[in-house]
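Listed here are the chains, written in short residue letters.
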Amino acid sequence: MAQFIASAIEGGVPTLLTLVVNAMPWPLRRRLVRADPGMQRTARASRAMFAFLLTLATALLVGRVVSVSVLSFLIAFPVTVFCCAAIGDDETRARIGKTAALAAAAGAAFTLSSLLHTPWINHAVFILVIGAMAYMRQYAGPWAPVAIAANVSYFFGSFLKPDPTTLHWQWVGVVIGAACALIVHQLVVPHRPWRRMRWSAASIRMRLAHLLRTAAALDAPEESLAVRRSLRGVADAVRIAENELENLPGGRLAHRPLAEALIRTLVLAERLALQAKGVIGDGLSAEERAAAKRLSAALVANDELPREGDSGDIADALNELERALHLPPDHAAARSVDAPPPAPTNAILRPAVQSAAAAALAIIGGNALSPERWYWAVITVFVMFTGTYSRGQALFKSLQRTVGTLGGILVAMAIVWAVNGDTRAVIILMPVAIFCIFYAFLQAYTWMAFWITIVVGLLFSSFGEFTDRLMVLRLEETAIGAVAGIVVAALVLPRSTAAHARDQFNDLADAIDKVIDEALPGGPLNRLTLTAALHDFETTLSDLRDAIEPLRLIPLQRATEQRSRLHRQLVLTSYWVHEIALAVRQLDSAGVAQAPAPAAEAATALHERLKRLRNADTAPEPAEDDNAPAPDDTSPAATLATACHGAAEAMTAAARLLTDRSQQTRAFRF
C-alpha cells in the first residue's frame, strides 16, 4: 500500500501539499488518504490556509510601506479564502475569470454597505442582496462563488463601518486577496487532476480493504451497520473518482476504460456487502470469508493480490483500475460523440423569497437582541438556505449550525483562557482553525460552524475584546437566525421533505430510464454514452440520499426505520443498475450485438414499472422481500434480466416508502 500511495504522487514537480503529506508518519498518511479521497478537502483547506498567511504577510508589508494599519485591508481576508475555497477550476483561464468576478463582487458589496450609513436602508439593501444572490446561485458557474463573496463582504462592511475616505485601501486589499489566492492556486497548491485521480484510487483500495475485513467478520448473514458504512465509504470514494474524470485531459469520454474500471470495482464491492448481509445469495461461506480477509491483508500490505473465489473478481477489478490509470486519453473516441447541450437552468423564485424573508426576520430579531452583533443571525440564515430545498433540510441545518456553534463557544473559551492574551499563540492557532473550517466546509456542516466560532473567538481575543458574554451572545444570535429560517421555511412557499424526496425520486427514475436506453439501445452498443448516462444516475441517486437526510435528526424508531429501509432500497437500486452496466459490457466484449430476448423483455418491464411509479399517488406493494440470487458472471444475459427485475422491485419499494403514509414518520411530511 505504501508503494501504491507513493505512485500517486509521481510525475511532475512535487507540490507543497505532496511534500507535507510525504513528511507525515506512515499511519497518519494512510489515515489521511483513506479519509479524503483525491485529497480534495485537504487541498482546499491548504489553499485557504496558505492564502490567509500570504495575504497577512503581504498586507503587513504593504501597510508598513504606506504607513496604514492592516485593518485598512481587512476585506482581503474573506476575498482570499473564498477565492481558494469556492473556486476549484483546473483551467487557469477559468480560475482567473472567476477570481476576478468574485473579487469585484466582494469589493462592490463591501463599498455599498460602507456607504449606506442609515441602518434601515443598510438592512433593506442587505435583504435585497441576499435575495438576489440566492436567485443567482441557481445558475452555478461563476455565480455561486460570486454570491457567497457578495453576501459575506456586505456584512463585513456593515460590521466594520469604515470611513468612506479610506475605501480605496480596502480596494487595495481586494487586489491583495485575489492576487495571493491566484499565487496559491498556481504555485503553492497547484491543481493536478491526474494526481487527484491517483489519490482517489489509493483511497478506494484502502476503503475496500476495510469493507472486506468488515464483511468477513460476519459469521452469518445479517443486517450490519458496519458493513453498510464501509460500503458507503467505498461508494463515496468511487463517486469522487468518477467525478474527477471530467477534469482529466479530454474529459470523461476520453477515459472510458477508467470509468468502466471504477464501476466494476463498485458493483463488486456492492455485491460483496449484499452477500455478506444475506440480501442476495446465501451469505458468505467460511472459505469466502477467509479469502476476503486475505485480500484485505494484501491490500493493506501492498502485496500481490490473491485471486480466490468471488474476492478474486475484486482483485481483478483493482488490477484493471490500476492499468486504466496509466492509459493515455482517447481524444478520438471523445470527439466521436457529440456532447449534449447543457441542461437549461430552471431558476425559481422560492430560494430568493425565502432567503430574503428569513434575513428580514433575522435582522429584526438580531437587532432586538444586539444592535452591534445582529449580523450573526443573518449569516446563519444565509448559510442555512445555501443548498436547502425543503423544510426538513432547513431544520436539519439549523440544528447543525446551533450545535456546532455551541461546541465552538465552549472550546473557544478554553483556548482563550489557555493562551491568556498571547498574540503569538493566536497567530499560530488562526491558520490551523482556518484549515479546519475549509476541510469541513460543505461536507461537515456542524464542524464548519464549530471551527468558524473558534476563529471568531481568536479574532476577538487578538483585539482584546473577548468575553464570555460575547460568546453567549453569538449563540443567542445564531439561535435567532436558526428560528427565523425554520419559521420562513415552514410558512413562506413551504416545501415538505416528502415532496422534495418525491421529485428527486422521479429524477432518479428518469436517469435509470436513460441508462437502460443506452445499455439496450436496440442496435450497436455505445459504451461511451452508457458511461455518461451512469454518471447522471450517480448524481441523481446522491441527490435523493440528500433529500431524505433530515430523517437522521429524528430520534424516533419509526423515522430511523424509514430512513434505514430507504437507504437499503437505494443501495439495491444502485447495485442492480451497476450490474446491468457490467453485464452489458461483458456481452459487448463477447461480441454479442443484440441483447437476448429475456433481457430485452425485462428492460421493457422496468421501463413500464418506472412510468407507473412516477405518476402513482401511492406506489404498489413490491414483491416479497426474498433474497435475490447472486449474479452468475458466466451468464451475463441471465444477469441482465435478473438485474432489471431487481431494479424494478427496489424502486417500487422505495416509492412505497415515499408515498405510503402508513410507512412514514409524520416528520417526513414536515
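Criteria and thresholds
Residues numbered from 1 in each chain as written. Predicted model: local features only at pLDDT ≥ 70, side-chain atom pairs only at ≥ 80, totals over all residues. Heavy atoms only, no water. Helix = DSSP H or I, 4+ residues; strand = E, 2+ residues; numbered from the N terminus. Rg over C-alpha atoms; globule rule 2.2 N^0.38 Å. Buried < 20%, exposed > 50% of the residue type's maximum accessible area, 1.4 Å probe, protein only. Contact = heavy atoms within 4.5 Å. Areas by Shrake-Rupley, 256 points an atom, 1.4 Å probe, with all protein chains shown as cover. Lys, Arg positive; Asp, Glu negative; His and termini not counted. Charge placed at Lys NZ, Arg CZ, Asp CG, Glu CD. Salt bridge = Lys/Arg side-chain N within 4 Å of Asp/Glu carboxyl O. Polar contact = N/O pair within 3.5 Å; in protein donor to acceptor, adjacent residues only side chain to side chain. Patch = residues over 30% accessible without salt bridge, like charges linked within 9 Å, V, L, I, M, F, W, Y side chains within 5 Å. Expected span 1.5 Å × (residues − 1). Phe/Tyr/Trp six-rings, centres within 6.5 Å; stacked < 30°, edge-to-face > 60°. pLDDT = per-residue confidence, 0-100. Core = buried A, V, L, I, M, F, W, Y, C linked by side-chain atoms within 4.5 Å. Axes fitted to C-alpha atoms, helices over the stretch in contact; angles between N-to-C directions. Parallel < 35°, antiparallel > 145°, perpendicular 65-115°, else oblique. Nonpolar A, V, L, I, M, F, W, Y, C, P; charged D, E, K, R; others polar.

Visitor: I'm lost on the overall build of the protein chain in this one. Help?
Guide: Along the protein chain, the regular secondary structure elements total 26 helices and 0 strands. The C-alpha atoms of the protein chain give 26 Å as radius of gyration, which agrees with the globular expectation for 670 residues (26 Å, within 12%). Its C-alpha atoms give the protein chain principal-axis dimensions of about 80 × 55 × 50 Å. Within the protein chain, the fraction of its 670 residues that count as buried is 55%. By sequence separation, contacts in the protein chain at least 24 residues apart represent 81% of the contacts at least 6 residues apart. Accessible area for the protein chain stands at about 28,300 Å²; split by element, carbon and sulfur atoms hold 61% of it. The averaged location of the 59 negative side-chain charges in the protein chain is 7 Å from the averaged location of its 62 positive side-chain charges.

Visitor: Before we go on, may I ask you to explain the pattern of salt bridges in this structure?
Guide: It is possible for side chains of opposite charge to pair when their charged atoms get near one another. Enumeration over the complete set of coordinates arrives at 29 salt bridges. For Arg271, the salt bridge is made with Glu579, and the minimal N-O distance between the two is 2.9 Å. Taken as a pair, Arg271 in helix H12 (residues 256–276) and Glu579 in helix H24 (residues 557–589) lie far apart in primary sequence, 308 residues in all. The pair formed by Arg271 and Glu579 is uniform in burial state, with each residue classed as buried. In this structure, the salt-bridge partner of Asp513 is Arg614, at a minimum N-O distance of 2.2 Å. Of this pair, Asp513 sits in helix H22 (residues 497–519) while Arg614 is found in helix H25 (residues 597–615), placing the two residues 101 residues apart along the sequence.

Visitor: Even after reading the chapter, I still don't get the environment of His191, so can you show me in this structure?
Guide: By the secondary structure assignment, His191 is in the loop between helix H9 (167–188) and helix H10 (193–216). Taking relative accessible area as the criterion, His191 reaches 12% and is therefore assigned buried. Sequence spacing of His191 and Asp89 is 102 residues, and the spatial spacing of their C-alpha atoms is 8.0 Å. Excluding its chain neighbours within four sequence positions, the residues that come into contact with His191 are Arg47, Gly88, Asp89, Asp90, Arg95, His185 and Arg196. Reaching out from His191, the side chain makes a polar contact with the side chain of His185 at a distance of 2.8 Å.

Visitor: Sorry, what's going on with a nonpolar patch on the surface here?
Guide: Side chains of Leu361, Val483, Val487 and Leu491 sit close together on the surface and give an oily, nonpolar patch of about 350 Å² of accessible area. For the nonpolar patch, the leading source of residues is helix H21 (residues 468–491), giving 3 residues. Positionally, Leu361 belongs in helix H16 (residues 350–369). Overall, Leu361 belongs to the partly exposed group, its relative accessible area being 36%.

Visitor: Please clarify how the environment of Tyr389 should be interpreted in this entry.
Guide: Among the structural elements, Tyr389 can be located in the loop between helix H17 (375–384) and helix H18 (391–419). Between the alpha carbons of Tyr389 and Ala357 there is a distance of 15 Å; along the sequence they are 32 residues apart. For Tyr389, the residues in contact, after removing those within four places along its chain, are Arg350, Arg495 and His500.

Visitor: Just checking my understanding: could you explain unusual backbone geometry for this structure?
Guide: Negative phi characterises most residues that are not glycine, and trans characterises most peptide bonds. Located in the positive-phi region is Met39, a residue other than glycine, with phi close to 55°. Here Met39 shows up in the loop between helix H3 (26–35) and helix H4 (40–66).

Visitor: Explain the environment of Ala94 here, please?
Guide: Inspection of the secondary structure assignment puts Ala94 in helix H6 (residues 92–115). Using a relative accessible area of 26% as the deciding quantity, one classes Ala94 as partly exposed. For Ala94 and Arg424, which are 330 residues apart along the polypeptide, the C-alpha to C-alpha distance reads 38 Å.

Visitor: Explain H24 here, please?
Guide: Residue pairs spaced three or four apart in an α-helix point in one direction, given the helix's 3.6 residues per turn. The terminal C-alpha atoms of H24, which comprises 33 residues, lie 48 Å apart, in line with the 48 Å expected from a rise of 1.5 Å per residue. A positive phi of about 85° marks Gly591, the residue just after H24.

Visitor: Sorry, what's going on with the packing of aromatic side chains here?
Guide: Each pair of aromatic rings is reported with the distance of its centres and the angle of its planes. For the structure shown, the criterion picks out 16 aromatic pairs. Between Phe73 and Trp169, the ring centres sit 6.0 Å apart and the planes meet at 85°, which makes this aromatic pair edge-to-face. Taken together, the residues Phe73 in the loop between H4 and helix H5 (76–85) and Trp169 in helix H9 connect sequence positions 96 residues apart. Owing to a relative accessible area of 0%, Phe73 belongs among the buried residues under this scheme. Judged by relative accessible area, Trp169 falls into the partly exposed class, the value being 22%. Between Trp374 and Tyr375, the ring centres sit 6.2 Å apart and the planes meet at 75°, which makes this aromatic pair edge-to-face. When sorted by exposure, Trp374 lands in the same class as Tyr375, which is buried. Feature note: the residues Phe126, Tyr154, Phe155, Phe156, Trp374, Tyr375, Trp376 and Phe460 constitute an aromatic cluster, connected by ring pairs.

Visitor: Would you explain the confidence of the model for the protein chain in this entry?
Guide: For any part of a model where pLDDT is low, the fine detail of the predicted coordinates should not be relied upon. For the protein chain, per-residue confidence averages 88 on the pLDDT scale, and 95% of positions sit at 70 or higher. Considering only residues more than four positions removed or in separate chains, one finds that residues 1–11, a stretch of pLDDT under 50, has 33 contacts.

Visitor: Even after reading the chapter, I still don't get the nonpolar core, so can you show me in this structure?
Guide: Generally speaking, soluble globular proteins have nonpolar side chains that are buried together. In terms of nonpolar packing, the biggest core is built from 102 residues, with Leu208, Leu211, Leu258 and Ile512 touching the most fellow members. The element contributing the most residues to this core is H24, with 14 residues. Formed by 98 residues, the second largest nonpolar core is a distinct cluster that contains Val152, Ala181, Ala425 and Met448.

Visitor: Explain the packing of H18 against H21 here, please?
Guide: How two helices sit against one another is set out by the angle between their axes and by the gap between those axes. Close contact between H18 and H21 brings their axes to 9 Å; oriented N to C, the two are set at 175°. When the interaxial angle is binned, H18 and H21 end up roughly antiparallel. On H21, the residues touching Arg391, Ala394, Leu395, Ser398, Arg401, Thr402, Thr405, Leu406, Ile409, Ala412 and Met413 of H18 are Asp468, Met471, Val472, Arg474, Leu475, Thr478, Ala482, Ile486, Ala489 and Ala490. Tallied by class, the residues present in the contact of H18 with H21 amount to 13 nonpolar, 4 polar and 4 charged.

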